[in-house]
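# Survey of secondary and tertiary structure
Single-letter residue listing:
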Amino acid sequence: MASQSLTEYERKRLENIKRNDEMMSSLKLHSKALQLSSSTNNKRLRNESKVYKTSPDKKPKSKTAPIVIRRSLRSQGLPPETSFQDDNFSSPTKNSPKTPPPKSILTKLGPLTMKQAYMGDDSSASDRVLIDTVKDMSDNAPLNVKSGGVVVGNEGCLDLGSMILKPENIARVMPGKILNVEFFPCKDRTMIVAGNKFGNVVFWDVESEQDEGRNDGIYLYQPHRAPVSGFSIQPFSLSKVFSSCYDGFIRLLDFEKESFDLVYSTDGTIFSLSQRPQDPNGLCFSEGNNGMVNFWDTRVGKSSSSWMLHDSRINTIDFNPENTNLMATSSTDGSACIWDLRHTDAHRPKYLKIVDHKRAVHSAYFSPTGSCLATTSLDDHVGILSGADFMNTSMVFHNNHTGRWISSFRAIWGWDDSYLFVGNMKRAVDVISTDRDITTLQSSDMSAIPCRFAVHPYKVGTLAAATSGGQIYLWTQS
DNA sequence: CACGACCTTAATCTT
DNA sequence: AAGATTCCAGGTCGTG
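Note that the structure is predicted; figures quoted are calculated from it, not measured. (Residues numbered from 1 in each chain as written. Chains lettered and ligands numbered in written order. Predicted model: local features only at pLDDT ≥ 70, side-chain atom pairs only at ≥ 80, totals over all residues. Heavy atoms only, no water.)

## Observations regarding the overall build of chain A
Across its full length, chain A holds eight helices and 29 strands. Taking all 478 residues of chain A together, the buried fraction comes to 56%. Here the analysis covers contacts within chain A between residues at least 6 apart in sequence; of these, 53% occur between residues at least 24 apart. Within the structure as shown, chain A displays about 21,300 Å² of accessible surface, and the carbon and sulfur contribution to it stands at 50%. (Helix = DSSP H or I, 4+ residues; strand = E, 2+ residues; numbered from the N terminus. Buried < 20%, exposed > 50% of the residue type's maximum accessible area, 1.4 Å probe, protein only. Contact = heavy atoms within 4.5 Å. Areas by Shrake-Rupley, 256 points an atom, 1.4 Å probe, with all protein chains shown as cover.)

## Digging into the sheet that holds strand S25 (residues 428-433)
Strand order in the open sheet formed by four strands is S23-S24-S25-S26, and the pairing between neighbours is antiparallel. Strands at the two margins of the open sheet, each flanked by one partner only, are strand S23 (412-413) and strand S26 (438-441). Here six bridges tie strand S24 (residues 419-424) to S25, and the two strands are oriented antiparallel to one another. What sits directly across from Asn424, in S25, is Ala428. (Pairing = 2+ DSSP bridges.)

## Some points on the nonpolar core
Ranked by size, the top nonpolar core spans 35 residues in total, and within it Phe421, Leu463 and Trp475 carry the most contacts. Listed by contribution, the elements that provide at least two residues to this core are strand S2 (163-172), strand S21 (381-386), S23, S24, S25, strand S27 (450-455), strand S28 (463-467) and strand S29 (471-477). No other element matches the four residues that S24 contributes to this core. Counting 24 residues, the second-largest nonpolar core is a separate cluster that includes Ile131, Phe184, Tyr221 and Val241. (Core = buried A, V, L, I, M, F, W, Y, C linked by side-chain atoms within 4.5 Å.)

## A word on the side chain of Asn196
Within the secondary structure, Asn196 is located in strand S4 (residues 191-196). For Asn196, the side chain forms a polar contact with the main-chain nitrogen of Gly199, separated by 3.1 Å. (Polar contact = N/O pair within 3.5 Å; in protein donor to acceptor, adjacent residues only side chain to side chain.)

## Remarks on the pairing of strand S15 (residues 314-319)
Counting buried positions along S15 gives six out of six residues, so the element sits mostly inside the fold. Direction of pairing for S15 relative to strand S16 (residues 326-331): antiparallel, over a ladder of five bridges. Residue pairing in the sheet places Ile317 in a bridge with Thr329 of S16. Counting the residues in the hairpin turn of S15 and S16 gives six residues.

## Focus on the environment of Thr393
With respect to the element layout, Thr393 can be found in strand S22 (residues 392-397). Take Thr393: its relative accessible area is 42%, and that puts it in the partly exposed class. Between the alpha carbons of Thr393 and Leu373 there is a distance of 9.3 Å; along the sequence they are 20 residues apart. The contact partners of Thr393, leaving out residues within four places of it in the chain, are Lys353, Ile384 and Leu385.

## A look at the UniProt feature "repeat: WD" (unreviewed entry) in chain A
Taking the UniProt record as the reference, the feature "repeat: WD" (unreviewed entry) is found at residues 307-342. End-to-end, the C-alpha atoms of residues 307-342 are 14 Å apart, and along that stretch the chain is 0% helix and 61% strand. (UniProt positions renumbered as here; feature names shortened; annotations may be inferred.)

## Quick look at helix H7 (residues 128-139)
Under the 1.5 Å per step criterion, the end-to-end length of H7 is 17 Å for twelve residues, consistent within 8% with the ideal 16 Å. Of the residues making up H7, those classed as buried are Leu130, Ile131, Thr133, Val134, Met137 and Ser138. For H7, the angular spread of the buried residues around the axis is 165°, confining them to a single face. (Expected span 1.5 Å × (residues − 1). Arc of directions from axis to C-beta.)

## Some thoughts on the sheet that holds S16
On the basis of which strands lie adjacent, the open sheet formed by four strands has the order S15-S16-S17-S18 and antiparallel pairing. Taken across any chain shown, the strands that pair with only one partner, and hence form the sheet edges, are S15 and strand S18 (348-356). For this sheet the average axis-to-axis angle between neighbouring strands, irrespective of direction, equals 25°. (Axes fitted to C-alpha atoms, helices over the stretch in contact; angles between N-to-C directions.)

## A word on the pairing of S28
For S28, the buried fraction is high: five of the five residues fall into the buried class. Neither face of S28 is open: one carries Leu463, Ala465 and Thr467, the other Ala464 and Ala466, and all of them are buried. The pairing of S27 with S28 spans five bridges and is classified as antiparallel. Residue Arg452 lies in a different strand from S28, and its bridge partner there is Ala466.

## Quick notes on the side chain of Arg410
Along the chain, the position of Arg410 falls in the loop between S22 and S23. Comment: no salt bridge for buried Arg410; closest opposite-charge side chain is Glu182, at 7.6 Å. A distance of 3.2 Å separates a polar atom in the side chain of Arg410 from the backbone oxygen of His362. (Lys, Arg positive; Asp, Glu negative; His and termini not counted. Salt bridge = Lys/Arg side-chain N within 4 Å of Asp/Glu carboxyl O.)

## Let's talk about the pattern of salt bridges
Scanning the entire structure with this criterion turns up eight salt bridges. Taking the shortest distance from any N to any O, the salt bridge between Asp261 and Lys257 comes out at 2.5 Å. The class of Asp261 is buried, set by a relative accessible area of 15%. Taking the relative accessible area as the measure of exposure, Lys257 reaches 52% and is therefore exposed.

## Things to note about unusual backbone geometry
Look at Glu258: it is not a glycine, yet its phi comes out positive at around 55°. Considering the arrangement of structural elements, one finds Glu258 in the loop between strand S9 (249-254) and strand S10 (259-265). Positive phi, close to 65°, is recorded for Gln278, a residue that is not glycine. Note on placement: Gln278 falls in the loop between strand S11 (270-274) and strand S12 (282-287). With a relative accessible area of 49%, Gln278 lands in the partly exposed category.

Next comes the structure, spelled out in structure tokens:
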């Protein structure tokens, strides 16, 4: 038998590949990605985003009027499904920027130029402005470096009542469900990056949108072909953006080289991506459904260590900003853990603390000072750990039952250790304070459920809320 | 135990 | 305006 000549590892790998292929084809993922990246669709999206932004919707009804919004969102309508090109989609004859990247490039083990991945067409702004803006930001990077990676400055003085959602800060930045949204850690700029389930990555340069007329400040790319599961941008290197994908690829967008380079690929699913603060060459990500965490050295292109830390997929990885030896993981196995990377126990780190939930845990994040941890679970609770060695656990009831179409909720910390932001199924943002008070940010302009959030690391009061319909609501402090 | 059928949920698409 | 479709979650329950 041929299989007998294979090593155990090789046989397992082949099995994995076969299983993945079966899953992918059964879900018609390729076709979806291609349909999505057709230039007609693309044009529609950019138009739509503009329309949506300039007139989010007239609100004839004063209070909650979700149906109104939905009607307006599809006013342009999608052209009837054309026969989609199939997997043998031939490479484009002309290298026009509006040509979607063919599957052969997205699956190739190699670099992908920004030009190849850019989804803008002739009528949209060139991404040259974006590239130059990010390079400018990067040149000012030293200004952004703070001790311990913690925001210093006016923390703690946020008045929630002063947070507002301006109509011009609402945008449909991409199609489909947004799984991830982040701010560039840049002191004087509001640059947002988001990723969706189709493998798109979008940049929203918010100031650019306000300053320039024709340019809407939104730049859409397709560097991946499956859901984007994570980003990592280090404050000291703003021109480099790591992104991970369910299909097992991790790419590094380098604005200097203007390409999305491949840094890692695996047969498993990558569910989350993180970097230890102040470690430019290390990547940390979760892989597969067996709770594996992998530490990857990008300089050598090798794994420095990998451990099975949970019984099921790991949904988030976060490092303590004060003590970067502490790492928090959240898992579908129903637990979240804090690990001490300095101490190992039976070939894996020792856990300092375990938080048990009754169902899957979708996030575990350290507070800005590192002295608290917040967990979010499908068991309809937000856990808050505090005190010496995270001894005190407090569970706050919160409806986290998002169902299938809305990304799971993940409570994130604000600009100090006193409160958390988390989605609310009634199209609002809940603010949970550590003393268990819950207040709500509401706006009649928020026409969909905000499920994934990010806070601007330097601008207190600037909060991005992303939806499963591709919108971002950018709350700011008035 | 493994597996599949079925349910939940909201936004979008189609009729 | 209303029904159909989405679909890389995750739980439950029934069957082989």
